[in-house]
Every structure is written in C-alpha cells, then in structure tokens.
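Breakdown of the fold
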Amino acid sequence: MAPIARHTVPPAAAHPSSAQAPEVWAVASGKGGVGKSFITANLGVALARQKKKLVLVDLDLGSANLHTCLGIEASGKSLSDFLHHSEIGLDDIATPTSIEGLKLISGASDNLQMANLPFAQKSKIARHLKRIDADIVLLDLGAGTAYNTLDFFITANRGILPVVPEPTSVENTYRFLKCLFNRKLRSAPEHTRKLMQKILIAKQNDGRKIRTLASFLNAMSQRHPEHGEWLRRSLAELDLHLIVNQADDPADTELGRAMQMACQHYFASSLNYLGYLPFDRSVPKTLRQRKPFLLANPQSRIAIHFEHMVASLIEDEATRSAQA
Amino acid sequence: MTSHKSDNQPDYYAELQLDRKASQIEIINAYRQARLTYQQDALATYSLLGESDRQQMLDRIEEAYRILSDPELRKHYDEGENIEDAASEATARHDPNIIAFRPARRQHSPEMQWRIANNETFEGAFLREIREALNISLQSIAGSTRIPLHYLQAFENEDTSDFPDKAFCKSYLGQYAKAIHIDPDLLFSRYRPFQE
C-alpha cells in the first residue's frame, strides 16, 4: 500500500475501531532472556486469532528481534524512518504479517544510535503510539530499568511482566517493580511530594525508617488520607500482569501466586498472576524454523496456555472499561 | 478498601488476600499458599525480606489464620468486636498440627543421629519420632513436596497398600526421607515394610 498522509484518511473507512485510541499493552522484564519477545509475538498471534486488530512494536531499541519470533524477514521501514521524516506516521511503517489483523513495527533495520533515544524522540513515539490504527498496540520493551523502558511502560494502559523460575529473574522483577513504582510516584503533584518526603524521613514507632512501599502507603493514608488515596490510585493505573515462563518443576507453577501475594504485602500493589507457560524443548527449534510458535504448534500446552491468558486479558479489559 | 478496620485490629482478610465472604476451604487454601510464599528460601520472597521480617510475616499469617479458620472467632472479628478474650479460650479447640508454628530444625540431635545410624529396622513410629524431633509437620512436607498428605501418613503407619505400585511408593518415600533429613537409600534398605 502506498504511504498516505495520515490526515487524509477518513477515520471510519478503514476499520470500525480506528476512530478510537487503541489500548497500549507493554511487555517488559527486569532481566533479559526470560522470553519477552517470544511472549509478545505469541500473545500477538493469539489476540489476532480473537479478531483483534493488532500492531506489535519492537521497542527493545538497539537489540530488536521481535521479527524473528514472528518468523518474518526484517524489511522495509523502521522507527528510524519515523523519527527522521515528519511526513511518515507509525501506521506507515507498520508491516503486515502473514497473520490476518497483525502488523509489526520492527526495529530490525534501525540505525545504530537507536538504543540511546533522546527525550524528544521518546516523547514523539509515545505520543504517536495512541494514534495507531488498531484495537491493541503491543510493545516489546527492553530488559532492565532504563528510563526509556520505564517511561514507555508507564505510558501503556497495561503491563505484562514475564518471569522465569530462577532467583536472578525473580530478584530483577522486584527490582523492576521498585523502579517502576518509584518513577510513577514521581509524577505526583508537588504538594503531595513534599508530604511524601516528610514521611520518608521520619522514623516509625519502632525507631526505624520506612522500608517497604506498603508501610509507606499506610503511613501516607493515615496522616494524609487524600494524598494516600491519590498515590494508591496512581499505582493501580499500572494494571500489572505476571506470566511465569519456562515452568519446569511442579513448584514453579506456584511461583506466580506467591509473587502476587508478596507484591500485595510489600508494595501494596496488585500484580495479577496471569498464568504459566510450561518449559518446552521445541521452542528453540521452532525459532530456528522462523515460525511463530503458536502457528507451528497449535495443539501444544504452551498454545493452550496462551489462549487462556488472552481470554482472561480480554475479559479483564471488558470489566475495566465497563467500570470506567 | 475494607469497610471496617479499627486502628489496632489488622485486616486479616487482606493478610491472606481473601474476600470477606470466603468459604472455609478458601481460607485453608489461602493459608497454605501464604505459608508456601514465606517458607524458608522461597523463590518468590527470599530477595525481598530478611529472616526476621520473614518470621514476622509468618506470624501475621498464623494470626490471621487462627482467627479466620475458627467460625466463632471469625464472627466476633467480622462484627468488629475485640477478639482477644474470645481468642484465648478458643486456642484449645484448634488442631495443633495446623496451628502451632515452630521453626523447623535442620539437624538431628546427636542422640538421634546415633539411633538413625544404629537402628537396623525403621518402623513407621520411628520415622514419626524423627520428624517430630525436627519440628516438621506432615502438612509442611506435603506442602513442599506436593505429595498428598494421606501417602505421607501411610509411611508413618507402615500401610503401603494404597500405592499403585512399588516404584511409586519408593519415589515418594525417598522424598519423604529427604524432608526429614535422612538418606533415602538408608531408608529403602531399612524401612520395615520393604524388608518383608
């Protein structure tokens, strides 16, 4: 399709949903190699099968590989083109895939400066994400707690965190959450922030300073109920979901619930355990064949678990929008 | 947010992440889940909290379970009454296996070590004695190994007739042996039902 300047496209012509801003979902993790791109690609496939119109965006800037998980050639335009040419919109660089309803904005042919995105360019991408013509825009973010990652994650309506049952991955997931909450709370109004400072400096009844986010929020709610409520609401906006990937031991299947509980106790924040994906040796093999796993192995346990997760995400979204 | 919460009364439902209408079985499951979450070296929490915080958390969970698992105490609590007086008389009603939480020992006493080394035949009762000396409940072994409780009880009652076959039985017995810190091979060769 020839690139068309965006303002000439009548909103209702392309797709009934295109008039509305898309839902933005982000996938990120504290540690690399836990299956972010694999999960993003296959969630995308599973959502497209539920008749959702999707655009996957590879924002793992500088080490993009979502195209490989989807089994397509790196081709055509990429984010660099969008950033450097004002007439190109994000819709223009979204490449159709073999799966109906699923497009990809790849980072494969980005230039070498992409990993260190300046603030203005980051804001430009974030602004345009919500104008993409789709039901859901799914972001594949880089590992770690760089501001770029955290800020894109906060921009999203919903966050998905894969974790593998290994100490390093679990530790870094908490690390990621701490950084995320910290960054999120910085957006509080100035007066609230001053009150926050006071509470953080003050000593508790036991003579120690506040150590957990949960006790900080409790102290806030006790002394300044309105501000405490504001902070809780602000954290709840994040709508976090956890996926346990590569579950091998029977005990691994319980890691998700345990982390959900610990997150509630220590961060007073809800981290919804979405489900687990069983360890499967055929995953690297399918990647080598360059096929999306879900299409190559539709009967596998992994595929079934993905379908369950997607169903529960869609249901959850429906309840949320009904409440709003 | 919860509807009633006095300043000195903690929110036991939030502690176990339960709904106010939770059934008895949901309470037991949530309690089991919470115990797994904060057990020693648990993957989900070891990096979040130190040993004293972990014990504190377990105490809070025990307390929440003690109140919510007792229909009468729960009723008092739900009505916002002070439960301390009612609680002390209710403690006696409880199953000590589920309620009492004593830290498990990781080593046998010297005397027990000697008896384990020199006992030619391990009877079920002896296994129970070893386990109880370590302060380990069958429930906690069931929790960490995922072996159904009745199989573990069967080992201590020397009733292995329920197992589908011997390989199955042996595999579970090996895990049980590790849980009470004895060598599985030693137990296989000396466990009385196996000697017959």
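Described in the following lines is the structure provided in the data block. (Residues numbered from 1 in each chain as written. Chains lettered and ligands numbered in written order. Predicted model: local features only at pLDDT ≥ 70, side-chain atom pairs only at ≥ 80, totals over all residues. Heavy atoms only, no water.)

For chain B, the count of helices and strands is 13 helices and zero strands. For chain B, the succession of helices and strands along the chain, N to C, is α-α-α-α-α-α-α-α-α-α-α-α-α. Evaluated residue by residue, chain B yields a buried proportion of 43% over its 196 residues. For chain B, the share of sequence-separated contacts (at least 6 apart) that also reach a separation of at least 24 residues comes to 59%. In the structure as shown, chain B presents an accessible area of about 10,900 Å², 48% of it carried by carbon and sulfur atoms. (Helix = DSSP H or I, 4+ residues; strand = E, 2+ residues; numbered from the N terminus. Buried < 20%, exposed > 50% of the residue type's maximum accessible area, 1.4 Å probe, protein only. Contact = heavy atoms within 4.5 Å. Areas by Shrake-Rupley, 256 points an atom, 1.4 Å probe, with all protein chains shown as cover.)

On to the interface of chain A and chain B, then. Taken together, the contact pairs 20 residues of chain A with 21 residues of chain B. Summing both partners gives a buried area of about 1,800 Å² for chain A against chain B, and 59% of it is carried by carbon and sulfur. Interface area lost by chain A to chain B is led by Met261(A), His265(A) and Tyr266(A), which between them contribute 34%. Along the contact surface separating chain A from chain B lie three salt bridges. In this structure, the salt-bridge partner of Arg146(B) is Glu254(A), at a minimum N-O distance of 2.0 Å. Secondary structure elements with two or more residues in the side of chain A that touches chain B: helix 8 (167-185) and helix 12 (255-267) of chain A. (Buried area = accessible area lost by both parts, 1.4 Å probe. Salt bridge = Lys/Arg side-chain N within 4 Å of Asp/Glu carboxyl O.)

All right, on to helix 10 (residues 149-156) of chain B then. Residues and elements named next belong to chain B. Three or more residues of helix 10 are buried, namely Tyr151, Leu152, Ala154, Phe155 and Glu156. Summarising the contacts, the buried residues of helix 10 are in contact with helix 8 (124-133), helix 9 (138-145) and helix 11 (166-179). Just downstream of helix 10, glutamate 158 is the residue with a positive phi angle, here 55°.

We now examine the side chain of Asp252(A). Examined against the element boundaries, Asp252(A) turns out to sit in the loop between strand 7 (240-247) and helix 12. The side chain of Asp252(A) sits in the buried core without any salt bridge; Arg146(B) is the nearest counter-charge, 8.0 Å away. (Lys, Arg positive; Asp, Glu negative; His and termini not counted.)

Turning to the packing of aromatic side chains, a few remarks are in order. For the coordinates displayed, the defined rule picks out 19 aromatic pairs over all chains. Aromatic pair Phe163(B) and Tyr172(B): ring centres 6.5 Å apart, planes at 75°, arrangement edge-to-face. In this structure Phe163(B) comes out as buried when scored by relative accessible area, which is 7%. Judged by relative accessible area, Tyr172(B) falls into the buried class, the value being 17%. Aromatic rings pair up to connect Tyr151(B), Phe155(B), Phe163(B), Phe168(B), Tyr172(B) and Tyr176(B) into one cluster. Here the guanidinium or amino end of Lys124(A) rests over the ring plane of Phe82(A), the centre of that ring lying 4.6 Å away. (Phe/Tyr/Trp six-rings, centres within 6.5 Å; stacked < 30°, edge-to-face > 60°. Lys NZ or Arg CZ within 6 Å of the ring centre and 35° of its normal.)

Residues and elements named next belong to chain A. The N-to-C vectors of helix 8 and helix 11 (residues 225-236) enclose an angle of 125°; their axes lie 10 Å apart at closest approach. What the angle tells us is that helix 8 and helix 11 run oblique. Every pair of crossing elements has a handedness; the one defined by helix 8 and helix 11 is right-handed. On the side of helix 8, the interface is formed by Phe181, Lys184 and Leu185, while helix 11 contributes Leu231, Ser234 and Leu235. Looking at side-chain class alone, the contact of helix 8 with helix 11 contains four nonpolar, one polar and one charged residues. (Axes fitted to C-alpha atoms, helices over the stretch in contact; angles between N-to-C directions. Parallel < 35°, antiparallel > 145°, perpendicular 65-115°, else oblique. Left-handed = near helix turned anticlockwise from the far one by under 90°. Nonpolar A, V, L, I, M, F, W, Y, C, P; charged D, E, K, R; others polar.)

This brings us to the sheet that holds strand 6 (residues 158-163) of chain A. Residue and element names in this part refer to chain A. The mixed open sheet is built from eight strands, whose spatial order is 3-4-2-5-1-6-7-8. Taken across any chain shown, the strands that pair with only one partner, and hence form the sheet edges, are strand 3 (95-96) and strand 8 (271-278). Alignment of strand 2 (residues 54-59) against strand 4 (residues 102-105), held across four bridges, turns out to be parallel. The residue bridging leucine 54 from the neighbouring strand is leucine 102, located in strand 4. Helix-sheet contacts for helix 7 (residues 147-155) involve strand 1 (23-29), strand 2, strand 5 (136-143), strand 6 and strand 7, and the interaxial angle to strand 5 is about 160°. (Pairing = 2+ DSSP bridges.)

Let's shift gears to unusual backbone geometry. For Arg290(A), which is not glycine, the phi dihedral falls at a positive 55°. Note on placement: Arg290(A) falls in the loop between helix 13 (282-288) and helix 14 (293-296). Look at His181(B): it is not a glycine, yet its phi comes out positive at around 60°. Within the secondary structure, His181(B) is located in the loop between helix 11 and helix 12 (184-190).

To continue, consider the packing of helix 2 (residues 36-49) of chain A against helix 15 (residues 301-323) of chain A. All names here are of chain A. It is the contact of helix 2 with helix 15, at a shortest axis distance of 9 Å, that shows an interaxial angle of 70°. Relative to helix 15, the element helix 2 lies roughly perpendicular. Considering the relative orientation of helix 2 and helix 15, their crossing is right-handed. Listed contacts from helix 15 to Phe38, Ile39, Asn42, Leu43, Ala46, Leu47 and Arg49 of helix 2 are Ile302, Phe306, Glu307, Val310 and Ile314. Its residues assigned to classes, the contact of helix 2 with helix 15 comprises nine nonpolar, one polar and two charged.

What follows is about the pattern of salt bridges. All names here are of chain A. Taken as a whole and judged by the stated rule, the model has 24 salt bridges over all chains. Between lysine 122 and aspartate 151 there is a salt bridge, with its nearest N and O atoms 2.9 Å apart. Of this pair, lysine 122 sits in helix 6 (residues 119-129) while aspartate 151 is found in helix 7, placing the two residues 29 residues apart along the sequence. Here the two residues lysine 122 and aspartate 151 agree in accessibility, since each one is buried.

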